[in-house]
Amino acid sequence: MPEVLKKRFDLAAKRRGISLSLYMEWLIDLDPEAPTPAEVLDEEGGDTLLTA
């Protein structure tokens, strides 16, 4: 990821008082093409979703 883009994401998360990881989760949730947590588990063959 270009450093300037990472800085923008870091600043956006900081302004909301959240971690960069949570901010990225929010962005993924807004993407209609992003797989659901269940789809990720199915692809990975697991039954437990880890969260940060």
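Residues numbered from 1 in each chain as written. Predicted model: local features only at pLDDT ≥ 70, side-chain atom pairs only at ≥ 80, totals over all residues. Heavy atoms only, no water.

S.K.: For a nonpolar patch on the surface, give the residues involved together with the corresponding values.
M.R.: There is a patch of nonpolar side chains on the surface, built from Met 1, Val 4 and Leu 5 and spanning about 300 Å² of accessible area. Mapped onto the elements of the fold, Val 4 is located in helix H1 (residues 3-16). (Patch = residues over 30% accessible without salt bridge, like charges linked within 9 Å, V, L, I, M, F, W, Y side chains within 5 Å. Areas by Shrake-Rupley, 256 points an atom, 1.4 Å probe, with all protein chains shown as cover. Salt bridge = Lys/Arg side-chain N within 4 Å of Asp/Glu carboxyl O. Helix = DSSP H or I, 4+ residues; strand = E, 2+ residues; numbered from the N terminus.)

S.K.: Kindly report on the packing of aromatic side chains, identifying the contributing residues and their values.
M.R.: According to the stated counting rule, one finds one aromatic pair in the structure shown. The interplanar angle of 50° and the centroid separation of 6.1 Å between the aromatic rings of Phe 9 and Tyr 23 together place this pair among those described as tilted. Taken together, the positions of Phe 9 in helix H1 and Tyr 23 in helix H2 (residues 20-30) put the pair 14 residues apart, joining distant regions of the chain. With a relative accessible area of 12%, Tyr 23 lands in the buried category. (Phe/Tyr/Trp six-rings, centres within 6.5 Å; stacked < 30°, edge-to-face > 60°. Buried < 20%, exposed > 50% of the residue type's maximum accessible area, 1.4 Å probe, protein only.)

S.K.: How would you sum up a negative patch on the surface? Please name residues and give values.
M.R.: Among the surface-exposed residues, Glu 39, Asp 42, Glu 43 and Glu 44 lie close enough to one another that they form a single negatively charged patch. Counting through the fold element by element, Glu 44 comes out in helix H3 (residues 37-44). (Lys, Arg positive; Asp, Glu negative; His and termini not counted. Charge placed at Lys NZ, Arg CZ, Asp CG, Glu CD.)

S.K.: Outline the confidence of the model for the chain, listing residues and values.
M.R.: In the predicted model, the chain carries a mean pLDDT of 88, and the fraction of residues at 70 or more is 87%. Per-element mean pLDDT across the chain ranges from 85 in H3 up to 96 in H1. (pLDDT = per-residue confidence, 0-100.)

S.K.: Account for the pattern of salt bridges, naming residues and giving values.
M.R.: For the coordinates displayed, the defined rule picks out one salt bridge. Linking Asp 10 and Lys 6 is a salt bridge whose minimum nitrogen-to-oxygen distance equals 2.9 Å. Separated by four residues within a single helix, Asp 10 and Lys 6 lie in helix H1, roughly one turn from each other. Residue classification places Asp 10 among the partly exposed positions, given a relative accessible area of 28%. Here Lys 6 falls in the partly exposed class, since its relative accessible area comes to 34%.

S.K.: How would you summarise the nonpolar core if you had to cite specific residues and measurements?
M.R.: By size, the foremost hydrophobic cluster in this structure holds five residues: Phe 9, Ala 12, Ala 13, Ile 18 and Tyr 23. Of the residues forming this core, the biggest block, three residues, is contributed by H1. The residues contacting Ala 13, other than those within four sequence positions of it, are Ile 18, Ser 19, Leu 20 and Tyr 23. (Core = buried A, V, L, I, M, F, W, Y, C linked by side-chain atoms within 4.5 Å. Contact = heavy atoms within 4.5 Å.)

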